[in-house]
Amino acid sequence: MSLTVSNDLLDQAKAGEVDDAAFVACVRDSLPYAWSLISDLVKQREHTGAEFADNTVPPPDEAARGQLLRALASDAMRGALERHFGVKLAFQNCHRVAVFAPSATAAHAEFVTARSQILNQSPELVDC
(Lines give C-alpha, C1' and ligand atoms only; values in the text may rest on other atoms or scores of the structure.)
Protein backbone atom coordinates (compact mmCIF):
# COMPACT_ATOMS: atom_id res chain seq x y z
CA MET A 1 0.00 0.00 0.00
CA SER A 2 1.38 3.39 -0.96
CA LEU A 3 -0.27 5.60 1.65
CA THR A 4 -1.75 5.23 5.09
CA VAL A 5 -4.98 7.16 4.62
CA SER A 6 -6.97 8.37 7.62
CA ASN A 7 -10.73 7.94 7.71
CA ASP A 8 -11.11 11.73 7.59
CA LEU A 9 -9.05 11.97 4.41
CA LEU A 10 -10.92 9.06 2.87
CA ASP A 11 -14.23 10.73 3.69
CA GLN A 12 -12.93 13.97 2.16
CA ALA A 13 -12.05 12.11 -1.04
CA LYS A 14 -15.45 10.43 -1.18
CA ALA A 15 -17.16 13.80 -0.76
CA GLY A 16 -15.24 15.54 -3.52
CA GLU A 17 -11.94 17.38 -3.74
CA VAL A 18 -9.12 16.60 -1.32
CA ASP A 19 -7.36 19.44 0.45
CA ASP A 20 -3.78 19.66 -0.89
CA ALA A 21 -2.32 20.27 2.59
CA ALA A 22 -4.09 17.18 3.96
CA PHE A 23 -2.83 15.09 1.05
CA VAL A 24 0.74 16.38 1.51
CA ALA A 25 0.53 15.52 5.23
CA CYS A 26 -0.61 12.02 4.31
CA VAL A 27 2.37 11.60 1.96
CA ARG A 28 4.75 12.97 4.63
CA ASP A 29 3.44 10.59 7.28
CA SER A 30 3.19 7.55 5.00
CA LEU A 31 6.53 7.91 3.21
CA PRO A 32 8.93 9.38 5.79
CA TYR A 33 12.15 8.41 4.00
CA ALA A 34 11.03 9.96 0.71
CA TRP A 35 9.75 13.06 2.53
CA SER A 36 12.99 13.49 4.46
CA LEU A 37 15.18 13.06 1.38
CA ILE A 38 13.19 15.55 -0.68
CA SER A 39 12.98 18.03 2.22
CA ASP A 40 16.73 17.86 2.73
CA LEU A 41 17.39 18.40 -0.98
CA VAL A 42 15.07 21.42 -1.00
CA LYS A 43 16.97 22.91 1.95
CA GLN A 44 20.32 22.14 0.30
CA ARG A 45 19.28 23.81 -2.97
CA GLU A 46 17.97 26.86 -1.12
CA HIS A 47 21.14 27.10 0.99
CA THR A 48 23.51 26.89 -1.97
CA GLY A 49 21.38 28.88 -4.39
CA ALA A 50 22.16 26.27 -7.06
CA GLU A 51 19.73 25.53 -9.87
CA PHE A 52 19.25 22.05 -8.46
CA ALA A 53 20.33 19.63 -5.75
CA ASP A 54 20.35 15.89 -6.18
CA ASN A 55 20.87 12.72 -4.22
CA THR A 56 23.36 10.12 -5.44
CA VAL A 57 23.36 7.86 -2.37
CA PRO A 58 21.25 4.70 -2.67
CA PRO A 59 18.51 4.24 -0.06
CA PRO A 60 19.53 2.25 3.03
CA ASP A 61 17.10 -0.59 2.30
CA GLU A 62 14.35 -1.80 0.00
CA ALA A 63 11.60 -0.22 2.10
CA ALA A 64 13.19 3.21 1.64
CA ARG A 65 13.70 2.56 -2.07
CA GLY A 66 10.04 1.62 -2.34
CA GLN A 67 9.02 4.90 -0.71
CA LEU A 68 10.95 6.89 -3.32
CA LEU A 69 9.46 4.88 -6.15
CA ARG A 70 5.92 5.32 -4.83
CA ALA A 71 6.29 9.06 -4.19
CA LEU A 72 7.88 9.88 -7.52
CA ALA A 73 5.97 7.46 -9.75
CA SER A 74 2.61 8.86 -8.67
CA ASP A 75 1.61 11.94 -10.63
CA ALA A 76 -0.66 13.01 -7.76
CA MET A 77 2.03 12.64 -5.09
CA ARG A 78 4.79 14.17 -7.20
CA GLY A 79 2.58 17.13 -8.12
CA ALA A 80 1.57 17.71 -4.50
CA LEU A 81 5.21 17.62 -3.39
CA GLU A 82 6.23 20.02 -6.15
CA ARG A 83 3.50 22.47 -5.18
CA HIS A 84 4.25 22.17 -1.49
CA PHE A 85 7.99 22.76 -1.85
CA GLY A 86 7.81 25.10 -4.85
CA VAL A 87 10.21 23.00 -6.92
CA LYS A 88 10.27 20.72 -9.92
CA LEU A 89 11.22 17.11 -9.14
CA ALA A 90 13.09 14.70 -11.37
CA PHE A 91 14.07 11.07 -10.86
CA GLN A 92 16.64 8.71 -12.39
CA ASN A 93 17.25 5.04 -11.64
CA CYS A 94 15.88 4.00 -8.27
CA HIS A 95 17.33 6.71 -6.07
CA ARG A 96 18.68 9.76 -7.87
CA VAL A 97 16.14 12.37 -6.90
CA ALA A 98 16.72 15.98 -7.92
CA VAL A 99 14.92 19.16 -6.92
CA PHE A 100 15.05 22.08 -9.33
CA ALA A 101 14.29 25.75 -8.87
CA PRO A 102 11.24 26.62 -10.97
CA SER A 103 13.48 28.86 -13.11
CA ALA A 104 16.00 26.09 -13.85
CA THR A 105 14.28 24.93 -17.01
CA ALA A 106 17.48 24.23 -18.99
CA ALA A 107 19.08 22.27 -16.13
CA HIS A 108 15.88 20.26 -15.66
CA ALA A 109 15.55 19.61 -19.38
CA GLU A 110 19.12 18.27 -19.48
CA PHE A 111 18.62 16.09 -16.38
CA VAL A 112 15.64 14.28 -17.91
CA THR A 113 17.29 13.46 -21.26
CA ALA A 114 18.05 9.92 -22.38
CA ARG A 115 21.73 10.96 -22.47
CA SER A 116 21.71 11.89 -18.77
CA GLN A 117 19.91 8.68 -17.86
CA ILE A 118 22.48 6.60 -19.75
CA LEU A 119 25.42 8.47 -18.21
CA ASN A 120 23.92 7.84 -14.75
CA GLN A 121 23.98 4.06 -15.24
CA SER A 122 26.49 1.82 -13.49
CA PRO A 123 26.76 -1.95 -12.97
CA GLU A 124 25.69 -1.77 -9.32
CA LEU A 125 22.39 -0.15 -10.35
CA VAL A 126 21.28 -2.90 -12.71
CA ASP A 127 18.93 -4.48 -10.14
CA CYS A 128 17.80 -1.37 -8.33
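Calculation criteria
- Residue positions are counted from 1 within each chain, in the order its sequence is given.
- The predicted origin of the model limits local features to residues at a pLDDT of at least 70 and limits the giving and counting of side-chain atom pairs to 80 or more, whereas totals for whole chains, interfaces and linings rest on all residues.
- For the side-chain quantities, the full set of heavy atoms in the structure was used; hydrogens and water were omitted.
- Three labels apply to residues, based on accessible area from a 1.4 Å probe with only protein chains included: buried if under 20% of the type maximum, exposed if over 50%, partly exposed otherwise in between.
- The numbering of helices and of strands both runs from the N terminus, where a helix is a DSSP run of H or I of at least 4 residues and a strand a run of E of at least 2.
- The criterion for strand pairing is that DSSP finds at least two bridges linking the strands in question.

- The name given to the protein chain in an unreviewed UniProt entry is SCO5389 family protein, with Streptosporangium fragile as the source organism.

## What to know about the pairing of strand β3 (residues 96–100)
Working step 1: Of all 5 residues in β3, 5 are buried; the element is thus mostly enclosed.
Working step 2: Every second residue of β3 is oriented toward a common face, with Arg-96, Ala-98 and Phe-100 on one face and Val-97 and Val-99 on the other, all of them buried.
Working step 3: Where strand β1 (residues 52–54) meets β3, 3 bridges bridge the pair, whose relative direction is antiparallel. In the strand pairing of β3, Ala-53 is matched with Val-99.
Working step 4: Taken together, the 5 bridges between strand β2 (residues 88–92) and β3 define a ladder with antiparallel strand orientation.

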